[in-house]
Amino acid sequence: MKPSPRLEVNLAKLHHNASHLVRTFGSRGVSVLGVCKLTQGSQEVANTLLDAGVCALGDSHIEHIESLRRAGVVAEMTLLRSPMRSQIQRVVASADVSYNTEIGVIRGLSHEALRTQRRHGVVLMVELGDLREGIMPADLLPVVQETLALPNVYLRGIGTNLACRSGVSPDAHNMAALSELADTIEQAHGIQLDTISGGNSANVLWGLGGHALGRINHLRLGEVLLLGCEPLHRHTVDGLYTDVFGLVAEVIESKRKPSVPWGTLAQTAFGVVPVCQDQGWVMQTILAVGRQDIDPMGLCAPQGMTIVGASSDHLVVVTHGKALNIGDEVAFGLNYSALLVAMTSPLVAKVVVSDNSADWHFLH
Ligand SMILES: *Cc1c(COP(=O)(O)O)cnc(C)c1O
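Keep in mind it's a predicted model, so treat the numbers as computed, not measured. (Residues numbered from 1 in each chain as written. Predicted model: local features only at pLDDT ≥ 70, side-chain atom pairs only at ≥ 80, totals over all residues. Heavy atoms only, no water.)

Right, let's talk about the overall build of the chain for a bit. The number of helices and strands found in the chain is ten helices and 17 strands. Taking the principal axes of its C-alpha atoms as reference, the chain extends roughly 75 × 40 × 40 Å. Classification of the 364 residues of the chain by burial places 49% in the buried group. Look at the contacts in the chain between residues 6 or more apart in sequence, and 63% of them connect residues 24 or more apart. Carbon and sulfur atoms make up 52% of the accessible area of the chain, which amounts to about 17000 Å² in all. Placing the 27 positive and 34 negative side-chain charges of the chain at their respective mean positions leaves the two points 3 Å apart. (Helix = DSSP H or I, 4+ residues; strand = E, 2+ residues; numbered from the N terminus. Buried < 20%, exposed > 50% of the residue type's maximum accessible area, 1.4 Å probe, protein only. Contact = heavy atoms within 4.5 Å. Areas by Shrake-Rupley, 256 points an atom, 1.4 Å probe, with all protein chains shown as cover. Lys, Arg positive; Asp, Glu negative; His and termini not counted. Charge placed at Lys NZ, Arg CZ, Asp CG, Glu CD.)

Quick look at the structure:
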C-alpha cells in the first residue's frame, strides 16, 4: 500500500514538459538549464530532465549538487545562488559554474580553484529592476575586468533574474538591456560570451512571444517544467501537463457539523480570527495533513470539495454531495508554494507513479 500523505510525481509527464520546452526554445536558439532545487537533489528528477535534453542542471544549494554527484548523475552543474563564503571549497569541488555578484567571492573561487587545480565558470548576474541579486549595470565592467584577470576562473557569461522578489516582468526593454550589456562587454574586452541567461520560468511568455530574442541564448527553468504554468499570471502553457505532481492525503474524520463555530472567538493557532459564512449544516471532513506538510492556500481541491481551514496537522474540507469515508484518499493539485513545503517535509512520502497505479516506488 502506498504511504499517506504522499507527494506523487509522474516522471513521464515531467519528461514531456521538459522536452517540449527544450525543443521549442531550441528552435529559437535558446538552451534550457533544468532547475532542480525544488526536488532536493533527486537523481530521478535530474536524470529525467537530462534525458529530455536540458543543457545543464542548476540548484541553489551546494548540498543538492553534492548529492547528485554522489548519485553519479553526469551533467554540467551550476550553483544558481551566489556562493556563501563559508562554502567556497565545496562549490569549487562540486559545481562547474556558479552565478556571482560579489567580486570578493569570485576572488575566493579563483584562489580555491588555483589551489585544487580546477577551473570554475563564473556567470555574472546583473540587476535589472527586480531588486534581488545582481550587480548594478553601471558597476559591471570593472567586475568583468577583474574576473577576466583572475586565474582558474573563466567568465562564462552574464545573466539576470526577474519576477522573483518584486514581480518585475521580463519584457522587450529589460531583455534588450541585457543584450546590450553583452555587446558592451564583448567589445570592451574582445571576447565572446558563451551564456546570456535571460531568466527563469517568468521569461517563458516573453520567450514564446514571437519577437526577436536579441542576444539571450539561455533560460533557467524550474517551475514551468514541474507545474506546466508560467509564474507571472499562473496560466497554463500550451502543450504542457499541469499534473506532474499531486498530493494525496487520508480521511480521518467525516461528520455533519454546523458551518460556523460557537463560543467566544479569539485567535486560532496561526494568529487569525476566522471569518465563516453560515451555510447551515455541512459535511465536514478532516484529512491527516497540515501546514507542516503543505501550504493549504496552495492546494487545489478536486471538484465538489472546498478547503475551509487548516492547522499544523489537520486539513479541513467541506464536501458537496457525497460524504467521504474514513480511510478514503483525496488527491489535490499543488502550486509552487505547496510543492515547496511538501517536498521539504520529511512527513510527506515522495512517490513515483505512472498510468498503471500498481506500479510505484519511492523517489530517489
Ligand atoms: C530558482 C531559480 C531559477 C528557477 O526559477 P523557476 O521560477 O522555478 O523557473 C532560476 N534562476 C535562479 C537564479 C533561481 O534562483
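Here we take up helix 5 (residues 103–115). Since the α-helix advances by 3.6 residues per turn, residues separated by three or four positions end up pointing in the same direction. Its 13 residues give helix 5 an end-to-end C-alpha distance of 18 Å, which sits within 8% of 18 Å, the value for a rise of 1.5 Å per residue. Considered for burial, the residues of helix 5 that qualify are V105, I106, G108, L109, S110, E112 and A113. Against helix 4 (88–94), strand 5 (97–100), strand 6 (120–126), helix 6 (140–149) and strand 7 (153–160) lie the buried residues of helix 5. Downstream of helix 5 by a residue or two, Q117 has a phi angle that is positive, lying close to 55 degrees. (Expected span 1.5 Å × (residues − 1).)

What the rule picks out here adds up to 15 salt bridges. Measuring nitrogen to oxygen at the nearest pair gives 2.8 Å for the salt bridge that ties R90 to E66. Linking R90 in helix 4 with E66 in helix 3 (residues 62–70), this pair joins segments that are 24 residues apart in sequence. Across the salt bridge formed by D96 and R69, the nearest N and O atoms sit 2.8 Å from each other. Of this pair, D96 sits in the loop between helix 4 and strand 5 while R69 sits in helix 3; the two residues are 27 residues apart in sequence, bridging distant segments of the chain. (Salt bridge = Lys/Arg side-chain N within 4 Å of Asp/Glu carboxyl O.)

In this section: unusual backbone geometry. With omega at -10 degrees, the peptide bond leading from S4 into P5 counts as cis. Positive phi, close to 60 degrees, is recorded for L131, a residue that is not glycine. At R234, a residue that is not glycine, the phi angle is positive and equals roughly 55 degrees. Inspection of the secondary structure puts R234 in the loop between helix 9 (223–227) and strand 10 (245–258). Residue classification places R234 among the partly exposed positions, given a relative accessible area of 45%.

A separate point is the site of the ligand. Every residue lining the ligand is accounted for by V35, K37, L80, R132, E133, N161, N200, S201, R220, L221, G222 and E223. G222 places a main-chain nitrogen or oxygen 2.8 Å from an oxygen atom of the ligand. The separation between an oxygen atom of the ligand and a polar main-chain atom of E223 is 2.8 Å. (Near = heavy atom within 4 Å. Polar contact = N/O pair within 3.5 Å; in protein donor to acceptor, adjacent residues only side chain to side chain.)

Here the focus is the packing of aromatic side chains. Summed over the entire model, instances satisfying the criterion amount to one aromatic pair. With a centroid separation of 5.4 Å and 80 degrees between ring planes, the pair formed by W360 and F362 is classed as edge-to-face. Lying over the aromatic face of Y154, R119 brings its terminal NZ or CZ to 4.2 Å of the ring centre. (Phe/Tyr/Trp six-rings, centres within 6.5 Å; stacked < 30°, edge-to-face > 60°. Lys NZ or Arg CZ within 6 Å of the ring centre and 35° of its normal.)

This brings us to the pairing of strand 2 (residues 31–35). Summarising burial for strand 2: four of the five residues are buried, a large majority. Relative to strand 9 (residues 218–221), strand 2 is paired through four bridges, and the arrangement is parallel. Each residue of the ladder has a partner; that of G34, found in strand 9, is L221. Following the backbone out of strand 2, through helix 2 (residues 43–51) and into the adjacent parallel strand 3 (residues 56–59), one traces a crossover that is right-handed. (Pairing = 2+ DSSP bridges. Right-handed = clockwise from strand over helix to strand, strands pointing away.)

Our next topic: the packing of helix 5 against helix 6. Two numbers describe how helix 5 lies on helix 6: the axes approach to 10 Å, and their chain directions differ by 10 degrees. Here helix 5 is positioned roughly parallel relative to helix 6, judged by the angle of their axes. Counting all contacts with helix 5, which are made through I103, I106 and R107, the residues of helix 6 involved are V143, E146 and T147. For the contact of helix 5 with helix 6, the residue count by class is three nonpolar, one polar and two charged. (Axes fitted to C-alpha atoms, helices over the stretch in contact; angles between N-to-C directions. Parallel < 35°, antiparallel > 145°, perpendicular 65-115°, else oblique. Nonpolar A, V, L, I, M, F, W, Y, C, P; charged D, E, K, R; others polar.)

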